[in-house]
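Structure at a glance
Listed below, chain by chain, are the residues.
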Amino acid sequence: MKPMLNVALPKGRIGEKVYAMFEAAGLECPSIRENNRKLIFENPDVGVRYFWVKPSDVAIYVERGAADIGVAGKDILLEYEPDIYELYDLDIGKCRMAVAAKEDFRDNPQKTLKVATKFTNIAKQYYTSLGRDIDIIHLNGSIEIAPILGLSDVIVDIVETGTTLKENHLTVFETIVPISARLIANKSSFKFKNEAIESIVKKLSEIGADTAK
Ligand code: PRP
């Protein structure tokens, strides 16, 4: 029997695309397409076991070896800096990390800038690189409300289509970094299951992101 490759998939729309790419790469697992609430699916014939996990938790499963490989957003990798290998840019789930504020916002460099974000590490690193003093306000969601209510001057958040900002009369002032989904590997799995992992990277790069679009 083939050794199983344990794959953490991000639950949701991106995860569906990722599974379609893995399926096209030969790691099919038909039971995953059945409509049920199971979280673990395996196909011993091709040697794969998939788990659906919360997108922001994929890197934890991979870092600790509960999954050999997984797919995580670059935002999560930059924010939490997990000790994993980043193997491949899947070129899906594309968006950007940006600084946004009310359309009439004008920065006053004499004052400490109040920054609301879920991504405190990314925001701190960005403003440190600019030598700008900031007061970080950590929020868990609906970040766009912060500047509207005067809780912060700006936000650091993910912008995909820009619709959320537009509908709340906010606008992008700076792009910090482009984001997309990345294939990541546990460091020891990469050594001990190298052939299987390298083979999936090769196949995914041959297939390209179009399979999932
Ligand atoms: C993200 C982000 C924005 C929105 C941007 O939230 O925080 O609110 O998407 O997308 P848009 O530019 O296409 O409007 P997400 O839906 O990931 O959930 P969250 O509220 O947990 O951050």
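As a starting point, this report considers the structure included with it. (Residues numbered from 1 in each chain as written. Predicted model: local features only at pLDDT ≥ 70, side-chain atom pairs only at ≥ 80, totals over all residues. Heavy atoms only, no water.)

This part covers the pairing of strand β6 (residues 95–102). In terms of burial, β6 is largely enclosed, as 6 of its 8 residues are buried. The pairing of β6 with strand β10 (residues 170–179) spans 8 bridges and is antiparallel. In the sheet register, K102 faces β10, and the bridge partner there is L170. In this structure, β6 lies alongside strand β9 (residues 154–159), joined through 6 bridges in antiparallel fashion. Bridge assignment links A101 to a residue of β9, and that residue is V154. (Buried < 20%, exposed > 50% of the residue type's maximum accessible area, 1.4 Å probe, protein only. Helix = DSSP H or I, 4+ residues; strand = E, 2+ residues; numbered from the N terminus. Pairing = 2+ DSSP bridges.)

Another point: the sheet that holds β9. Reading across the sheet, the 5 strands line up as β8-β7-β9-β6-β10 and stay open at both edges, with mixed pairing between neighbours. In this open sheet, the two strands that pair with only one neighbour each are β8 (134–138) and β10. Direction aside, neighbouring strands of the sheet carry axes that sit 30° apart on average. Relative to β9, strand β7 (residues 113–117) runs parallel, the two being bridged by 3 bridges. From the neighbouring strand, T117 faces β9, where its bridge partner is V156. Here helix α4 (residues 120–130) sits on the sheet in contact with β6, β7, β8, β9 and β10, set at roughly 170° to β8. (Axes fitted to C-alpha atoms, helices over the stretch in contact; angles between N-to-C directions. Contact = heavy atoms within 4.5 Å.)

Okay, the nonpolar core next. The biggest cluster of nonpolar side chains holds 29 residues, and the ones touching the most others in it are F22, Y50 and I69. Broken down by secondary-structure element, the contributors of at least two residues to this core are β1 (5–10), α1 (13–24), β3 (48–53), β4 (69–73), β11 (181–185) and α8 (194–207). Setting aside its immediate chain neighbours within four residues, F22 contacts V7, L27, Y50, I69, V71, L183, I200 and L204. Among the nonpolar cores identified, the runner-up in size contains 15 residues, and V99, A101, F119 and Y126 belong to it. (Core = buried A, V, L, I, M, F, W, Y, C linked by side-chain atoms within 4.5 Å.)

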